[in-house]
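Architecture at a glance
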Amino acid sequence: MIVKPEVLVTRAVFPEVIARLSEHFQVDSNQSDETWNKAELIERLQGKAGVFTTGSERIDADVLAACPRLQICANMAVGYNNFDLDAMTDQGVLGTNAPDVLTQTTADFGFALLLAAARRVCESEHYLRAGQWRRWRYDMFAGAEVHGSTLGILGMGRIGQAIAKRGAMGFDMPVVYHNRSRLTPEIEAICGARYVSKEELLRTADHLVLVLPYSHQSHHAIGASELDQMKASATLVNIARGGIVDDAALADALRHGRLAAAGLDVFEGEPTVHPALLALKNVVLTPHIASATMPTRMTMAILAADNLIGFLTAGQAIAPLNPQVLSLPQHAQRKG
Ligand code: GLV
């Protein structure tokens, strides 16, 4: 009798995805979506060859050391700052993510937040619902122009490029960007985007969208001094990761009129949100939902599942983060 490898799914996911995994594995899943601490996660991981994670479970060196049979961690997210990838590589564990499939959906949401913040959609809706709308006024909830204004993008990977195209082609916006590496002239032309220094980006953007990955280097990439360099009329949108923006400094800038508005989908220490942000009207706050459409979430979950299936059944993965693990000699590979 062939014994199927065991895998763990750490959070509730689509039943179809559990069914797909069950064709290949003995699946232990958390369909009741309990919150596990690190010790509980380690306990549930015992004997498991693979784990399906979302961006909220931290897989670090302690977890890897405590789970010697674990061979692959498959994230249902494009971001993977919940993984200690160096520790995974050191220990011969493959990490995978879910790139590409959420690019357009996430770019749509970046634009939704930009429009909502700049044009004061949520603030004016709350006013109306609170029964405060008695008379029209010429300057009521007058916001910032979006079309034709300068769109800045910090981080120009796939999602940044998709946002640039929306701005350049849909809203007639001059687009400037800054990134660790400059795009080729061909891709810049397709995106309608011009490379500038970070200083110029901060100084010239009417609306600045953050789409860079989180790392030690990008921690507080937007803090008090960067906010001071931005136009007081500008909008800041963060759909990247909490921790890239210093939320306390941002709340202070928004409160004192040094920045007009912000749209935030991610927060330092989420799901806790800085109380100073909660008290402000000129910020639109959403609970990390930029990729949340059912078709996209399904595709992300299937991609994570297929990474597990591909690796544990055939030694291949669709989206490996540390592909060097795939070519480790047999004796250096973890065994299930
Ligand atoms: C969402 O934040 C993701 O990284 O996919």
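Okay, so let's go over this structure. Since the model is a prediction, treat every value here as computed from it, not as a measurement.

1. Focus on the packing of helix 5 (residues 103-118) against helix 7 (residues 158-170)
Packing of helix 5 against helix 7 brings their axes to within 9 Å, and their N-to-C directions diverge by 55°. Here helix 5 is positioned oblique relative to helix 7, judged by the angle of their axes. Two packed elements cross with a definite hand, and for helix 5 against helix 7 that hand is right-handed. Side by side, helix 5 and helix 7 meet where Thr103, Gln104, Thr106, Ala107, Asp108 and Phe111 of the first sit next to Arg158, Ile159, Ala162, Ile163, Arg166 and Gly167 of the second. Here the contact of helix 5 with helix 7 is built from residues that sort into 5 nonpolar, 4 polar and 3 charged.

2. Overview of the pairing of strand 4 (residues 72-75)
Judged by which residues are buried, strand 4 turns out to be covered on both faces: Ile72 and Ala74 on one side and Cys73 and Asn75 on the other are all buried. This β-α-β element, strand 3 (residues 50-53) to helix 3 (residues 61-66) to strand 4, shows right-handed connectivity. Across 3 bridges, the pairing between strand 4 and strand 5 (residues 94-96) is parallel. When the bridges of strand 5 are listed, Ala74 appears paired with Thr96.

3. Points about the site of the ligand
Around the ligand sit Ala77, Val78, Gly79, Leu102, Arg241, His288 and Met300, and that is every residue in its neighbourhood. The contact in question runs from an oxygen atom of the ligand to an N or O atom on the backbone of Gly79, over 2.7 Å. Separating an oxygen atom of the ligand from a side-chain N or O atom of Arg241 is a distance of 2.7 Å. Residues that form the shell around the ligand fall into these classes: 4 nonpolar, 2 polar and 1 charged.

4. What to know about the packing of aromatic side chains
Each aromatic ring pair is characterised by the separation of its centres together with the angle its planes make. In this structure the tally under the stated criterion is 3 aromatic pairs. An angle of 25° between the planes, with centres 4.8 Å apart, marks the rings of Phe111 and Phe171 as stacked. Of this pair, Phe111 sits in helix 5 while Phe171 sits in the loop between helix 7 and strand 7 (175-178), and the two are 60 residues apart along the sequence. For Phe111, a relative accessible area of 5% puts it in the buried group. Taken together, a centroid distance of 5.3 Å and an interplanar angle of 70° make the contact between Tyr177 and Tyr195 edge-to-face. With Tyr177 in strand 7 and Tyr195 in strand 8 (residues 193-195), this residue pair connects regions lying 18 residues apart in the sequence.

Cut-off values and rules
- Residues numbered from 1 in each chain as written.
- Predicted model: local features only at pLDDT ≥ 70, side-chain atom pairs only at ≥ 80, totals over all residues.
- Heavy atoms only, no water.
- Axes fitted to C-alpha atoms, helices over the stretch in contact; angles between N-to-C directions.
- Helix = DSSP H or I, 4+ residues; strand = E, 2+ residues; numbered from the N terminus.
- Parallel < 35°, antiparallel > 145°, perpendicular 65-115°, else oblique.
- Left-handed = near helix turned anticlockwise from the far one by under 90°.
- Contact = heavy atoms within 4.5 Å.
- Nonpolar A, V, L, I, M, F, W, Y, C, P; charged D, E, K, R; others polar.
- Buried < 20%, exposed > 50% of the residue type's maximum accessible area, 1.4 Å probe, protein only.
- Right-handed = clockwise from strand over helix to strand, strands pointing away.
- Pairing = 2+ DSSP bridges.
- Near = heavy atom within 4 Å.
- Polar contact = N/O pair within 3.5 Å; in protein donor to acceptor, adjacent residues only side chain to side chain.
- Phe/Tyr/Trp six-rings, centres within 6.5 Å; stacked < 30°, edge-to-face > 60°.

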